[in-house]
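Chain and residue survey
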Amino acid sequence: MSLVAFIGLGNMGGPMAKNLIKAGHEVTVFDLMPAACADLQQSGAAVAASAAEAVAGKEYVISMLPAGKHVAATYLGDDGLLARLDSSTTVLDCSTIDAETARTVGEAASAAGIGFMDSPVSGGVAAAAAGTLAFMCGGSAEAFARAKIILADMGKNIFHAGPAGAGQVAKGCNNMLLAIHMIGSCEALEMGARNGLDPAVLSEIMLASSGRNWSLEVYNPYPGVMENAPASNDYKPGFMVDLMAKDLGLALGIAEQSGVDNRMGKLAQSLYEQHQQKGNGQRDFSSILEQMQD
Ligand code: NAD
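These numbers were taken from a predicted model, which means no experiment stands behind them. (Residues numbered from 1 in each chain as written. Predicted model: local features only at pLDDT ≥ 70, side-chain atom pairs only at ≥ 80, totals over all residues. Heavy atoms only, no water.)

1. What to know about helix H12 (residues 263-280)
For clarity, the cut-off: Numbering of helices and strands runs from the N terminus, with a helix taken as a DSSP run of H or I at least four residues long and a strand as a DSSP run of E at least two residues long. Expected helix span is computed as 1.5 Å times (number of residues minus one). Summary of the burial criterion: residues with accessible area below 20% of their type's maximum are buried, those above 50% are exposed, and those between are partly exposed, where the area comes from a 1.4 Å probe applied to protein chains only. What the arc covers is the set of directions going from the helix axis to the C-beta atoms. Contacts are assigned to residue pairs with any non-hydrogen atoms lying within 4.5 Å of each other.
Compared with an ideal rise of 1.5 Å per residue, which puts 18 residues at 26 Å, H12 spans 24 Å between its outermost C-alpha atoms and is within 8% of the ideal. Considered for burial, the residues of H12 that qualify are Gly265, Ala268, Gln269, Leu271, Tyr272, His275 and Asn280. An end-on view of H12 places all buried positions within 165° of arc, on one side of the element. Away from the buried face of H12 by more than 90 degrees, exposed residues Arg263 and Gln277 are located. Buried residues along H12 sit in contact with helix H8 (166-194) and helix H11 (241-257).

Spelled out as C-alpha cells, the structure:
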C-alpha cells in the first residue's frame, strides 16, 4: 500500500484513481471540479482542498491534466508542487503534453532531487477503467523502478522510453503512426467498396496480407464490419477526433523541433483538422472514413 495524491479526475484520471483505490492504496485527490472529487470520495478517496494539500506527505504524486500549461502551472514556480515535495516523492505526470514542457518539469524535479517521470498513456477511457493502459515513461532508471510498482495497478504494459520527455516523444510517434494507418485503412476500404468488394471480405484479405495493421485488426473503421468498433456504433468514441487533432499537433511539434521530414504526418493532421472543423470533433477518430466518402 502506498500513499498517493492524484490530481486531475476527468475522463481518464477518475477511473485511474479508482483502480488505485481498488488495489489498496490510500489515495487523496484534487480536481478543480468539486463533482469529480465527490465521485472519487464515494469510491473511498480522501478529498483535499488544493493540490498542495493533496501532496503533503505522499510517496507518489500522479497528475492527469489537459495540457502542458496546466502541468507547468501545477509543478513549477514558487507556488508549484515541486517546491513543496521532499526527495522521497515520485512524481508521475500521465497527461499528454508537449515534450518540451515534460523536459522542463523533469529538469526542475531533478534539480530539486525529486524523481519525475512523464508517463503518458495509450488506451482510452475503457482501458483506464479496465486498468489495461499502456504507459510510456521518460525519466531516470531509479524513478522508473519506483513508477512501475504503482503504474502496474492502472495498466498492463509499462515501458521505459528514455530520459525525461521520452515518454511524450514515444506517444507522439505512436499516435502519428496511428493517424496515418487509420487514414490508409479507410482509403483502402473505400476504394474496395466502390469497386464492388464487401469491406468485411476485403478486411479479411488485408488482415492475412501485408496491409495488416491495428486499425483493421481491432478498430475497423467501416460500419458493420466489426460489431464492437465505434464505426458500428455511429462513431461514438472511443478516441475522439479532438484528441487525435491535439496529439497530432504535439507530434508535429516534436518533428519540427528535431527537423524530421514527416509529410505523411502533416497530411494526416490537415485531414483530421478538416474533419474536426466540419463538426466531428466529438466523434470517434475512425469517422475520418467519411472524408473519403464526400
Ligand atoms: P478531462 O478534460 O476529462 O479531465 C481533465 C481534468 O483535469 C478535469 O476534471 C479538470 O477539471 C482537471 N483540471 C484541469 N486543470 C486542473 C488543475 N490545475 N488542478 C486540478 N485539476 C485540474 O481530460 P481527460 O480525457 O481525462 O484527459 C486527460 C489527459 O489524458 C489529457 O492530456 C489527454 O490528452 C490524455 N488522454 C486522454 C485520453 C482519452 O481518451 N480521454 C486518452 C489518452 C490520453
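2. Overview of the environment of Leu40
Along the chain, Leu40 falls in helix H2 (residues 34-42). Once the C-alpha coordinates of Leu40 and Pro15 are considered, the two residues, 25 residues apart in sequence, prove to be 8.8 Å apart.

3. Structural notes on the domain arrangement of the protein
Quick reminder of the rule: An automatic or database domain assignment supplies the residue ranges for each domain. Put simply, buried area is how much 1.4 Å-probe accessible surface two parts lose in total, over both of them, once they are put together. Salt bridge, as used here: a side-chain nitrogen of Lys or Arg that lies within 4 Å of a carboxyl oxygen of Asp or Glu. Pairs of N or O atoms are called polar contacts if they sit within 3.5 Å, as long as, within protein, a hydrogen donor faces a hydrogen acceptor (for residues adjacent in sequence, only side-chain-to-side-chain pairs).
With domains assigned, the protein is organised as domain 1 (3-163) and domain 2 (169-293). Contact with domain 1, which involves 13 residues of that partner, is made by 9 residues of domain 2. Both sides together, the interface formed by domain 1 and domain 2 hides about 790 Å², and carbon and sulfur atoms give 61% of it. Area buried by domain 1 at its contact with domain 2 is led by Thr96, Ala99 and Met136, which between them contribute 47% of it. Between domain 1 and domain 2 we count 0 salt bridges in total. On the surface where domain 1 and domain 2 come into contact, there are 3 residue pairs in polar contact (both at pLDDT 80 or more). When residues of the side of domain 1 that touches domain 2 are traced back to their parent elements, those giving at least two are helix H5 (99-111) and strand S7 (121-122). With 3 residues, H5 is the largest single contributor of residues to the side of domain 1 that touches domain 2.

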